[in-house]
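Here's the letter readout for the chains.
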Amino acid sequence: MAGTPDLACLAGRRVVLGVSGGIAAYKAVEVCRRLVDAGAFVSPVLTQDALRFVGEVTFSALASEPARTSLFGGSDPIPHTRLGQAADLIVIAPCTAKTLGKYAAGISDDLLSATLLATRAPVLIAPAMHTEMWEHPAVQENLQTLRRRGVHVVDPESGRLAGGDSGEGRLASPEAIVAAAAGVLAGSLGELAGVRVLVTAGGTREPIDPVRFVGNRSSGKMGHALADVAAARGAAVTLVTTTGLPAAAGVEIVPVATAEEMADAVFSRYPEADVVVMAAAVADFRPKAVAPEKLKKQAGVPEVVLEPTPDILAGLGERKTHQVLVGFAAETEHVVEHARAKVEAKNLDLIVANDVSAPDQGFEVDTNRGILIESSGFVGETPLVSKVELAGLVLDRITGMLAPERARREEQQ
Ligand code: PMT
């Protein structure tokens, strides 16, 4: 964490404060008050278990709007999407083992868990539970999953617990939780805080005439996952994309269609970038001439002459100064060999090779598997995971590569 963040960045921001059912729920009252004092618009969401420990009325009195406790029965028929979409930040304090597990598994069976799935805002959790529960492998694995997805965590403290014994698992102080919330909003939290990441996503479309194009099957899901996870980890992210997919709050979107447009967008932003990840499937060839009017069937089969597009990644490799440069490789045979050749030919630090001949990985699907090949010689294969999780694993490697450069910069300051 880079210093204590200024609480002023909470002013005017919409914060959903989720409270789950543990004895530490009483401290959430103080978290609520501090967030409101800092100027945030706070919407409390209490689980049914939280109501066993604290009262709805307390939060309604302190927060910016009445507390909510259920998906059903209120005046708003879809409160989770309204809350999730409007939020600038979701804070869960305390976050019990149950809430943590549901969030990691994607279960949405109450208002809080549904809101968590219906948001693109950053999420900060403050776990609290007994030491044995906190140390349980299931809890730690769920926590790892969430961290990989970019969820921010205020670790619990060590101290006296509800049963009178002592150990790790006590909710962090309200002061620390509110400072962490401000840190997330200020972009000063997360392992990629202060890092500028440029990501490309989707397949380029090279026009033949006003209605037809040469294209490929890339949906943009892999590139968008990388952008979302990098943003959740605190990076300043620019996403050059050919798709209309949504992106996480704070991600700057640059829409493009052709390889030429993508090249312009990427090259102009390259000098300021610390990391570039080319997940886009850029067409290698485009029609040499674009017909100004729609080609008519009656005129017979047209002869479309192709020419090469600019190789954006190779151009980035030639101009590399300080950037960590990452490519993806969609291969159908000799996957490692072909991908490794691209690392050298394009002066990359890392390439993520996808065997796109398998049905559950590569284009369009929600899952992927990557062979990570680095210029250092490191080679690692990931299991078949969601694209979000693969993005997290790729960003873990990138974070490691940035460490020496960041240490050098910090020393200079
Ligand atoms: O978008 P999805 O449906 O989620 O699918 C994800 C994906 C399969 C598209 C993605 O994981 C992937 O593999 N992207 C790279 C696809 C590709 O173009 O591979 P390639 O081996 O042809 O190119 C190697 C690298 O050079 C890529 O980083 C590519 O962005 C870059 N390139 C290629 C051609 C070109 N003219 N300019 C480039 O910069």
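Residues numbered from 1 in each chain as written. Predicted model: local features only at pLDDT ≥ 70, side-chain atom pairs only at ≥ 80, totals over all residues. Heavy atoms only, no water.

**Some words on a negative patch on the surface**
(1) Moving on: On the surface, a cluster of negative charge is made up of Glu132, Glu135, Asp165 and Glu168.
(2) Moving on: When you line up the elements, Glu135 lands in helix H6 (residues 131-135). (Patch = residues over 30% accessible without salt bridge, like charges linked within 9 Å, V, L, I, M, F, W, Y side chains within 5 Å. Areas by Shrake-Rupley, 256 points an atom, 1.4 Å probe, with all protein chains shown as cover. Salt bridge = Lys/Arg side-chain N within 4 Å of Asp/Glu carboxyl O. Lys, Arg positive; Asp, Glu negative; His and termini not counted. Charge placed at Lys NZ, Arg CZ, Asp CG, Glu CD. Helix = DSSP H or I, 4+ residues; strand = E, 2+ residues; numbered from the N terminus.)

**Structural notes on the domain arrangement of the protein**
(1) Moving on: Assigned domains within the protein: domain 1 (7-188) and domain 2 (196-412).
(2) Moving on: With centres defined by C-alpha atoms, the gap from domain 1 to domain 2 works out at 35 Å.
(3) Moving on: With 8 residues of domain 1 in contact, the opposing surface of domain 2 contributes 14 residues.
(4) Moving on: A combined buried area of about 880 Å² lies between domain 1 and domain 2, and 51% of that area is made up of carbon and sulfur atoms.
(5) Moving on: Sorting the residues of domain 1 by area buried against domain 2 places Arg120, Arg148 and Arg149 first, and these three jointly supply 70% of that buried surface. (Domains from an automatic or database assignment. Contact = heavy atoms within 4.5 Å. Buried area = accessible area lost by both parts, 1.4 Å probe.)

**A closer look at the pattern of salt bridges**
(1) Moving on: With the rule as written, the count across this model stands at 27 salt bridges.
(2) Moving on: Between Arg233 and Asp396 there is a salt bridge, and its shortest N-O distance comes to 2.8 Å. Here the residue Arg233 occupies a position in the loop between helix H9 (221-232) and strand E11 (236-241), and Asp396 occupies one in helix H13 (residues 387-412), the gap between them amounting to 163 residues.
(3) Moving on: Classification of Asp396 by relative accessible area gives partly exposed; the value is 35%.
(4) Moving on: We note a salt bridge from Glu331 to Lys342, for which the minimum N-O separation is 2.7 Å. Of this pair, Glu331 sits in strand E16 (residues 324-331) while Lys342 sits in helix H12 (residues 335-345), and the two are 11 residues apart along the sequence.
(5) Moving on: Each of Glu30, Arg33, Arg34 and Asp37 takes part in one network of salt bridges that share partners. (Buried < 20%, exposed > 50% of the residue type's maximum accessible area, 1.4 Å probe, protein only.)

**A look at unusual backbone geometry**
(1) Moving on: Following Ala93, the chain continues to Pro94 via a peptide bond in cis, the omega torsion being -5 degrees.
(2) Moving on: One non-glycine residue, His334, lies in the positive phi region at around 45 degrees.
(3) Moving on: Relative to the helices and strands, His334 is located in the loop between E16 and H12.
(4) Moving on: Phi is positive for Asn347, which is not a glycine, with a value near 55 degrees.

**Examining the packing of aromatic side chains**
(1) Moving on: Under the criterion given, the structure shown has 0 aromatic pairs.
(2) Moving on: The ring of Phe41 has Arg14 lying over it, and the distance from NZ or CZ to the ring centre is 4.3 Å.
(3) Moving on: When the ring centre of Phe267 is taken as origin, the NZ or CZ atom of Arg319, which lies over that ring, is 4.0 Å away. (Phe/Tyr/Trp six-rings, centres within 6.5 Å; stacked < 30°, edge-to-face > 60°. Lys NZ or Arg CZ within 6 Å of the ring centre and 35° of its normal.)

**A word on the pairing of strand E1 (residues 14-19)**
(1) Moving on: Counting buried positions over the 6 residues of E1 gives 5, a clear majority of the element.
(2) Moving on: As a crossover connection, the stretch from E1 through helix H1 (residues 25-37) into strand E2 (residues 41-46) is right-handed.
(3) Moving on: In the sheet, E1 pairs with strand E3 (residues 89-95) via 4 bridges, with the strands oriented parallel. In the strand pairing of E3, Leu17 is matched with Val91. (Right-handed = clockwise from strand over helix to strand, strands pointing away. Pairing = 2+ DSSP bridges.)

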